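Remarks on the overall topology
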Amino acid sequence: MRAIDYAEIAPLLLEWYAVSKRDLPWRENQDPYRIWLSEIMLQQTRVEAVKEYYTRFLHALPTVSSLADAPEEVLLKLWEGLGYYSRVRNMQKAAVTVMNEYGGHLPADHDALLKLSGIGPYTAAAIASIAFDIPKAAVDGNVLRIYTRLGANGKDIADPAFKKEVAQALDAVIPKDAPGAFNQAMMDLGATVCLPNGAPLCTSCPLSHLCLACHDGTQTSYPVKSKSKARTIEKMTVFLIRHDDTIILRKRSEKGLLAGMYEPLHAPGWMDEDEALTFIKELNLDPLHIERIEDAKHIFTHKEWHMIAYEVKVGFPAPEKAHHLIYATPGQISSTYPLPSAFAAYRARMGMRRRNTKNN
Ligand code: SF4
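Predicted model only: the values in this text are computed from it and were never measured.

All residues adjacent to the ligand are Arg149, Leu150, Val193, Cys194, Pro200, Cys202, Cys205, Ser208, Cys211, Cys214 and Gln219. Its residues assigned to classes, the shell around the ligand comprises eight nonpolar, two polar and one charged.

Spelled out as structure tokens, the structure:
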């Protein structure tokens with residue numbers, strides 16, 4: 001059976017990384033907090049989209065202590081548009097633990113990092129190697145793609161046992177004197193050369209002479225991944241309800257999807273105009289004008305929202321307490337109320353700037 005010697009990849013990768021590394025704001029130094037923040041933001045989000053968020057977040061909450069003490073709405077507002085909000089909630093929980101148990105400094109210990117809220121094997125290895133020079137391989141989708149292409153390995157990358165096998169194989173070859181550079185080189189190679197969709201740029205790859213998939217011309221057959229369950233589809237009707245210069249919002253529940261965020265009113269199913277007017281009147285609002293506006297779709301990991309929407313002008317406000325409604329001006333929505341990007345299609349109509357991210 002053909003096999004490649006993964007021990008050969010480290011020197012080649014490091015040499016390539018020395019000249020090709022991406023210039024990223026979180027690579028300015030080895031501050032563990034900055035590395036932690038960047039790694040959490042980069043889960044599920046593109047590098048280009050993260051940069052602006054990263055800078056803003058770090059400016060507002062520059063230390064573990066400031067993160068531990070931040071009010072929920074400030075946190076969610078800083079994360080607004082990045083999606084997967086449990087990431088920032090878990091970061092705050094971990095920050096509290098770091099304050100209480102480690103004197104405000106992230107522990108220089110892989111297993112201790114792994115115990116912190118929201119830090120899984122990939123993130124623990126990334127922080128340990130980049131911030132503390134601990135030789136642990138960080139294995140994510142990029143690395144699995146490179147690894148399986150190099151070895152023309154058709155095992156299922158969705159299988160946790162295989163992921164563990166890859167981590168062990170790379171732990172055995174990660175250079176002890178440059179573990180952070182090795183992991184970052186893998187990240188960069190996956191992001192810029194061994195690309196996920198379409199053909200990878202093998203002629204620019206420092207590992208091409210070792211790579212079995214490149215040799216066989218079968219690069220796009222790897223990685224092999226078993227199909228995940230189909231997403232459920234939820235139809236809904238969204239209401240941008242205007243009263244004077246305000247839009248009516250409500251706060252989501254403190255638990256579950258998009259917990260604690262703010263949103264325009266919506267109801268399950270697709271309503272025609274008559275049903276929509278009935279819905280508005282049942283809120284004790286007086287609809288003066290209704291107009292169907294653009295449809296939108298948002299994809300979460302396990303579900304999709306398929307939205308139709310109406311913009312409605314109303315004459316007098318509902319009793320706020322009865323319906324937990326908030327009358328917010330565009331300025332307040334921009335500055336104070338964190339809004340999920342599931343409703344990004346309606347940001348401009350709410351007087352907000354569009355943001356360029358792809359998540360919830
Ligand atoms: S040679 Fe091509 S397929 Fe192989 S690791 Fe490099 S970019 Fe990926």
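Picking up where we left off.
Bringing the environment of Gln168 into the picture now. By secondary structure assignment, the location of Gln168 is in helix H10 (residues 160–171). Here the alpha-carbon distance between Gln168 and Gly315, two residues 147 residues apart in the chain, equals 65 Å.

Attention now moves to the domain arrangement of the protein chain. Accessible area lost on assembly of the parts is the figure often given for the size of an interface. As far as domains go, the protein chain holds domain 1 (6–221) and domain 2 (232–350). The C-alpha-based centres of domain 1 and domain 2 are spaced at 37 Å. Each partner contributes to the interface: domain 1 provides nine residues, whereas domain 2 provides 18 residues. A per-element tally of the side of domain 1 that touches domain 2 places helix H5 (residues 72–79) first, with four residues. Taken together, the residues that form the side of domain 1 that touches domain 2 break down as three nonpolar, one polar and five charged.

We now examine the pattern of salt bridges. According to the stated counting rule, one finds 20 salt bridges in the structure shown. Among the salt bridges present, the one from Lys77 reaches Glu80, with a minimum N-O distance of 2.7 Å. Using a relative accessible area of 10% as the deciding quantity, one classes Lys77 as buried. For Arg347, the salt bridge goes to Glu80, with nearest N and O atoms at 3.6 Å. Of this pair, Arg347 sits in the segment after helix H15 (330–335) while Glu80 sits in the loop between H5 and helix H6 (86–102), placing them 267 residues apart in sequence. The exposure classification of Arg347 matches that of Glu80, with both residues buried.

Criteria and cut-off values
Residues numbered from 1 in each chain as written. Predicted model: local features only at pLDDT ≥ 70, side-chain atom pairs only at ≥ 80, totals over all residues. Heavy atoms only, no water. Near = heavy atom within 4 Å. Nonpolar A, V, L, I, M, F, W, Y, C, P; charged D, E, K, R; others polar. Helix = DSSP H or I, 4+ residues; strand = E, 2+ residues; numbered from the N terminus. Domains from an automatic or database assignment. Contact = heavy atoms within 4.5 Å. Salt bridge = Lys/Arg side-chain N within 4 Å of Asp/Glu carboxyl O. Buried < 20%, exposed > 50% of the residue type's maximum accessible area, 1.4 Å probe, protein only.

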